[in-house]
Amino acid sequence: SVGFVDLQQIMTESIEGKVARKKVETFYTRKQTELEEAQKDLLKSEKEYNEKKFLLTEEAALKNEQEMSRQKIALKRMFEDAEHGLQAYQEKITTGIKDHLFKVIKAYGQKHGYTLILNKAPGVFLYADPKADLTQKIIKNYDATMSQRN
């Protein structure tokens, strides 16, 4: 027989998926805080410069402008690094989950005589009988195997 699972649902409803999502949220929050601090520093520098730029020598004004330009570039790089770091971190965590999850799905399929278990991705299925949905059974099996591993 043929069955299907919703991997996205498993990733959000399984215990391990919830833990992973919390880790990613914590990582994101930390990076967001760092970016906000850097942005505040830049805004503070710009404000201070704008308040005293008419009192500065041409050389001092140029030096301040160059420093703010460096801060803007550093902030942009910091943002890009945070974005890439978040993606890499999320990938690392989900890959670990998926590796074990696929083993659980395979074992379930073999044990229950399935010839094919598909992933219910958006726009892929035109019709699927809800009786063929194994998502909740796989979540239950996955959570059970994870509790045995810990």
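All figures in this text were calculated on a predicted structure; none of them were measured in a lab.

A. Fine view of the overall build of the protein chain. Within the protein chain one finds 4 helices and 2 strands. In the protein chain, the order of α-helices and β-strands from amino to carboxyl end is β-α-α-α-β-α. In summary, the protein chain has a C-alpha radius of gyration of 25 Å against a globular reference of 15 Å for 150 residues, an excess of more than 25%. On the principal axes, the C-alpha backbone points of the protein chain span a range of 80 × 40 × 20 Å. For the protein chain, the proportion of its 150 residues judged to be buried stands at 24%.

B. Summary view of the nonpolar core. By size, the foremost hydrophobic cluster in this structure holds 19 residues, and its most contacted members are Val5, Ile10, Leu101 and Ile138. Contributions of two or more residues to this core are made by α1 (7-13), α2 (15-52), α3 (58-111) and α4 (135-149). No other element matches α3, which puts 7 residues into this core. With sequence-adjacent residues up to four places away left out, Ile138 is seen in contact with Val5, Ile10, Leu101, Val104, Ile105 and Tyr108.

C. Representation of α2. A rise of 1.5 Å per residue sets the reference length of α2, with its 38 residues, at 56 Å; its end C-alpha atoms lie 56 Å apart and thus fit the reference within 8%. Considered for burial, the residues of α2 that qualify are Gly17, Ala20, Val24, Phe27, Leu35, Leu42 and Tyr49. Where the residues of α2 are buried, they touch α1 and α3.

D. Broad picture of the environment of Ile97. Structurally, the position occupied by Ile97 is in helix α3. Residue class for Ile97 comes out buried when judged on its relative accessible area of 5%. The spatial distance from the C-alpha of Ile97 to the C-alpha of Met146 is 9.9 Å, given a sequence separation of 49 residues.

E. A look at the layout of surface pockets. What the largest pocket holds in volume is close to 280 Å³. Around the largest pocket sit 14 residues that line it, and Gln8, Met11, Arg21, Gln90 and Thr94 are the ones nearest its centre. When contributions to the lining of the largest pocket are tallied by element, the ones reaching two or more residues are α1, α2 and α3. Partitioning the lining of the largest pocket into residue classes produces 5 nonpolar, 5 polar and 4 charged.

Procedures and definitions
- Residues numbered from 1 in each chain as written.
- Predicted model: local features only at pLDDT ≥ 70, side-chain atom pairs only at ≥ 80, totals over all residues.
- Heavy atoms only, no water.
- Helix = DSSP H or I, 4+ residues; strand = E, 2+ residues; numbered from the N terminus.
- Rg over C-alpha atoms; globule rule 2.2 N^0.38 Å.
- Buried < 20%, exposed > 50% of the residue type's maximum accessible area, 1.4 Å probe, protein only.
- Core = buried A, V, L, I, M, F, W, Y, C linked by side-chain atoms within 4.5 Å.
- Contact = heavy atoms within 4.5 Å.
- Expected span 1.5 Å × (residues − 1).
- 1 Å grid on protein atoms, 1.4 Å probe; cavity = no way out; pocket = protein on both sides within 12 Å on 5 of 7 lines; lining within 4 Å.
- Points joined across faces, edges and corners; volume = space filled by probe spheres on them.
- Nonpolar A, V, L, I, M, F, W, Y, C, P; charged D, E, K, R; others polar.

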